[in-house]
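Structure assessment
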Amino acid sequence: MTPAALGRRYAPLIILAAVQILLVAIAPSGPATSANPYANGFASAGAGTGGAGAGAGGAGSLASGSAAGAGDNSSFSGGSLAGGAGGADNGTGGLGTGTSGGSAGGGTAAAGGAPGQLFNCGPDGKTIGPTFYMPPCTRVVPQSANGGSTMPGVTRTDIDFVYVEPQANAQVNAILQTEGLAHSAEQACEGVREFTKEVNKRWNLYGRHFVSLNGPGNHSGPASVQQNGGGGCTYPFFQSQCSLTPPDPPCERAQADLIASMHPAIVLAPTEDPSFYNELAKNQVIVWGGETEPDAYHAQFAPFYWDVFESGTLTAQMDAEYWCKKLNGKRVQYAGNGPGDVMGFGGIGQPPPLRKVAVTYPATNGDPTYKTSVDLFLSLVNGKMCKPVGGQAIGIAYQSDINTAEQQSTTTVAELKQGHFTDVMQFGDPIAPVFFSNTADSQGYHPEVLLSGMGLIDYDVLGQLYNPRVWRYAFGPSSLFDNVPFPQSEASKAWMDAGNPAPPSDQTANLAWAYFSALGSSFQLAGPQANPGTVRDGLWNAPPAGGDQHHTLLYFKGGYTGIQDMREVWWCATQNSPINNHPGVYVSVNDPTWRHRLGQWPTDLKVFPSGPCGA
């Protein structure tokens, strides 16, 4: 699979969040078909048509379904989106009791109380559950009053969904397995089974329960388990058959059309090609996944395409502000000083050179997912936000093909060294730095490695894969928060709350759990009259939560993607990570707070307080 996709699929820590987007949400137009059932609106059988909602920054409206005879609809909106792996349990001190779990096959949603009462409400006003970001309490609605079939894939009793497991790549898995970052088909199947059980148990679904659909033919989840090592898990999911390294957009679009023909209410696909999400959204199927796409990708087919990461647009803006405030016009501080290395670019006896940055990013068979965001960053640091003092910033694209990664990194490093670039930003994926850092070290090139906060390069366990003599100079923005041991993560809490005696064996389970949290919160916040419009309204009305050392700031008002704030970190190879107790950790800077929003980066650079450590 592509390097860009790897962090999304295999990272043990993923957080669920949202960022405010100042783009118009325009409903797609066109005739209603079996794959495009809403045409110009979202109301369907059992749901009335609501008023128009103008999108921020432009014209356009979205018709949303209104509750009919289901009680006070205001009680079904508001609250924060459920999040992924996190820090200490700052909620109610435990999950409490009062709910009944579903069976391994999906189960029955817990009643949670009599009609009209608050559903499993904790003392903090949030629904009791395994994540810090559980949505606010909502009221119990009897199954007979939930509106029945309010959208395709929803009935009075069921909410059909599809979980897409990406096609694995043996070469990539070999790299990731050195730090326990690859999982088996059996483990993936178990994750879908247990997390479906947990969202049915803890989220208010108004008498419904989630049902995972199996892929047809060679897309069958249980069949893929037997073909890839075997195991006892037979729970249904959809196994992708499309290559991600290199990407295969025609295959992805055909696969998206196949899923649309299954008529699910929602699709969870943490890691697929951008063309997959684009095609599903065009078919007016709600889909979650991807990471890195610019805001416009989501706004184009709003409100059908969502994701749990920050958008590439926000990341580019945050990175540019960081560069302009902290680094531009200043001499390099943390780089190699050997013969011909970065600190000597100015010549023998001369002071270190002024900083000059280049951005490497993956090309994806013509799709401008990364290039659009990198171009935004370059435009900002090359004049729109600040004028480049040390030289023009440039972008260098590489092909998302692990078979040629080593050869490509040799060419890239030679270009960077010849151009006297003191800082290199890795914008997009956590596998390419394995090749880049080893090649740079072999060529005597040790630049400042400027983190982008994109692609999970800023995750401790992935950082442990990189060449320590190069990575000792890594610092910059991070979208993640301070990590905790895996048994304390929210995926582990959810797994055990689902009825298991110990955390999952799959150390990457937090990625899947983040999207299952989104699944539960989307339909609880939508209320009993679930359709794309009420899903959107519920998420948009959710108040912000988090923003401290162990929790990202989550806010969905007006947007469809992303983490709304970032921290500043520096790499230390001699300090153990709390995740796996292995050497190598990103240390957060508290300056003056742990996390910052766009426009709030301080000007002081406080990384490496005692100088680079390790190697």
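Residues numbered from 1 in each chain as written. Predicted model: local features only at pLDDT ≥ 70, side-chain atom pairs only at ≥ 80, totals over all residues. Heavy atoms only, no water.

**Some details on the state of the cysteines**
For the structure on display, the rule yields five disulfides. Covalently, Cys121 is tied to Cys137 through a disulfide, its sulfur atoms 2.0 Å apart. Sign of the S-S torsion, about 90° for the bond between Cys121 and Cys137, identifies this disulfide as right-handed. Highlighted residues: Cys121 in the loop between β2 (65–66) and β3 (158–165) and Cys137 in the loop between β2 and β3, separated in sequence by 16 residues. (Disulfide = S-S within 2.5 Å. Helix = DSSP H or I, 4+ residues; strand = E, 2+ residues; numbered from the N terminus.)

**A closer look at the confidence of the model for the protein chain**
Residues with a pLDDT of 70 or more make up 79% of the protein chain, whose mean pLDDT is 82. Confidence over residues 1–32 falls short of pLDDT 50; this stretch has 174 contacts with residues more than four positions distant or in other chains. Scored below 50 in pLDDT, residues 43–111 shows 205 contacts in the model against residues more than four places distant or in partner chains. (pLDDT = per-residue confidence, 0-100. Contact = heavy atoms within 4.5 Å.)

**Concerning the sheet that holds strand β9 (residues 357–363)**
In any sheet, the strands associate via hydrogen bonds between backbone groups, in a parallel or an antiparallel arrangement. Taken in spatial order, the seven strands make up an open sheet running β10-β9-β11-β12-β13-β14-β15, and their pairing is mixed. With partners counted over all chains shown, the strands left at the sheet margins are β10 (394–399) and β15 (583–588), one partner each. The sheet shows a mean angle of 30° between the axes of neighbouring strands, direction not considered. Across six bridges, the pairing between β9 and β10 is parallel. (Pairing = 2+ DSSP bridges. Axes fitted to C-alpha atoms, helices over the stretch in contact; angles between N-to-C directions.)

**Examining the environment of Tyr235**
One can find Tyr235 in the loop between α4 (221–227) and β5 (238–239). Tyr235 gets classed as buried once you look at its relative accessible area, which sits at 7%. (Buried < 20%, exposed > 50% of the residue type's maximum accessible area, 1.4 Å probe, protein only.)

**With respect to empty space enclosed by the protein**
Considering all chains together, one arrives at six cavities of 30 Å³ or more under this definition. Considering only enclosed or pocket space, the largest cavity measures out at about 180 Å³ in volume. Around the largest cavity, the lining is made up of 17 residues, and of these Tyr398, Ala405, Gln408, Ser409 and Ala432 lie nearest the centre. Contributing elements (two or more residues each) for the lining of the largest cavity: β10, α10 (405–418) and α11 (432–442). Looking at the lining of the largest cavity, its residues break down into nine nonpolar, seven polar and one charged. (1 Å grid on protein atoms, 1.4 Å probe; cavity = no way out; pocket = protein on both sides within 12 Å on 5 of 7 lines; lining within 4 Å. Points joined across faces, edges and corners; volume = space filled by probe spheres on them. Nonpolar A, V, L, I, M, F, W, Y, C, P; charged D, E, K, R; others polar.)

**Focus: the side chain of Thr534**
The residue Thr534 is located in helix α16 (residues 532–540) in this model. Given a relative accessible area of 6%, Thr534 falls into the buried group. For Thr534, the side chain forms a polar contact with the main-chain oxygen of Gln529, separated by 2.9 Å. (Polar contact = N/O pair within 3.5 Å; in protein donor to acceptor, adjacent residues only side chain to side chain.)

**Focus on the nonpolar core**
If you look at the biggest cluster of nonpolar residues, it comprises 103 residues, and the most contacted ones within it are Val267, Phe276, Trp288, Tyr445, Trp471, Phe516 and Phe523. Per-element tally for this core: the top contributor is helix α15 (residues 509–526), with 11 residues. Tyr322, Met454, Met566 and Val607 belong to the second-largest nonpolar core, a separate cluster that totals 36 residues. (Core = buried A, V, L, I, M, F, W, Y, C linked by side-chain atoms within 4.5 Å.)

**Structural notes on the pairing of strand β11 (residues 423–426)**
Every other side chain in a regular strand lies on the same face of the sheet, so the side chains alternate between the two faces. Across the two faces of β11 the burial is the same, with Asp423 and Met425 and Val424 and Gln426 all buried. Where β11 lies against strand β12 (residues 448–451), four bridges are found, and the strand directions are parallel. Paired with Met425 across the two strands is Leu450, which belongs to β12.

**A closer look at the pairing of β9**
Of all seven residues in β9, seven are buried, a share of seventy percent or more. Bridging between β9 and β11 involves four bridges; their strand directions are parallel. Pairing of Thr360 across the sheet is with Gln426, part of β11.

**Digging into the packing of α10 against α11**
Any two packed helices are characterised by how steeply their axes cross, that is the angle between the axes, and by the distance between the axes. Relative to each other, α10 and α11 sit at 55°, their axes nearing to 9 Å. Here α10 is positioned oblique relative to α11, judged by the angle of their axes. The two elements α10 and α11 meet at a crossing, and its hand is right-handed. Contacts between α10 and α11 involve Ala405, Glu406, Ser409, Thr410, Val413 and Leu416 from the former and Phe435, Phe436, Thr439 and Ala440 from the latter. Its residues assigned to classes, the contact of α10 with α11 comprises six nonpolar, three polar and one charged. (Parallel < 35°, antiparallel > 145°, perpendicular 65-115°, else oblique. Left-handed = near helix turned anticlockwise from the far one by under 90°.)

**Brief notes about the pattern of salt bridges**
This structure, assessed with the given rule, holds 15 salt bridges. For Asp375, the salt bridge goes to Lys371, with nearest N and O atoms at 2.7 Å. With Asp375 and Lys371 both in helix α9 (residues 369–384), this residue pair falls four residues apart, about one helical turn. The exposure class of Lys371 is partly exposed, given its relative accessible area of 41%. Overlapping salt bridges bring together Arg193, Glu194 and Lys197 as one network. (Salt bridge = Lys/Arg side-chain N within 4 Å of Asp/Glu carboxyl O.)

**Topic: helix α6 (residues 274–282)**
Judged by how many residues are buried, α6 sits mostly within the fold: eight of nine residues are covered. Among all positions in α6, only Pro274, Ser275, Phe276, Tyr277, Asn278, Glu279, Leu280 and Ala281 are buried. The first or second residue beyond α6 is Gln284, which carries a positive phi of 60°.

**Considerations on α16**
Where burial is concerned, most of α16 is hidden: eight out of the nine residues are buried. Taken residue by residue, α16 has Pro532, Gly533, Thr534, Val535, Arg536, Gly538, Leu539 and Trp540 as its buried positions. Where α16 begins, the capping side chain belongs to Asn531, and its oxygen is found 2.8 Å from the backbone nitrogen of Gly533.

**Let's talk about the packing of aromatic side chains**
Summed over all chains, the structure comprises 21 aromatic pairs. Centroid distance Tyr277 to Tyr305: 5.1 Å. Interplanar angle 10°. Geometry classified as stacked. Taken together, the residues span a long stretch of sequence, with Tyr277 in helix α6 and Tyr305 in strand β8 (residues 305–306) at a distance of 28 residues. Note on accessibility: Tyr277 and Tyr305 belong to one class, buried. Following the ring pairs from residue to residue traces out a cluster consisting of Phe161, Tyr163, Phe195, Trp203, Phe210, Trp495, Trp513, Phe516 and Phe523. Sitting over the face of the ring of Phe132, Lys126 holds its NZ or CZ atom 4.6 Å from the ring centroid. Between Arg536 and the ring centre of Trp540, over which it is positioned, the NZ or CZ distance is 5.6 Å. (Phe/Tyr/Trp six-rings, centres within 6.5 Å; stacked < 30°, edge-to-face > 60°. Lys NZ or Arg CZ within 6 Å of the ring centre and 35° of its normal.)

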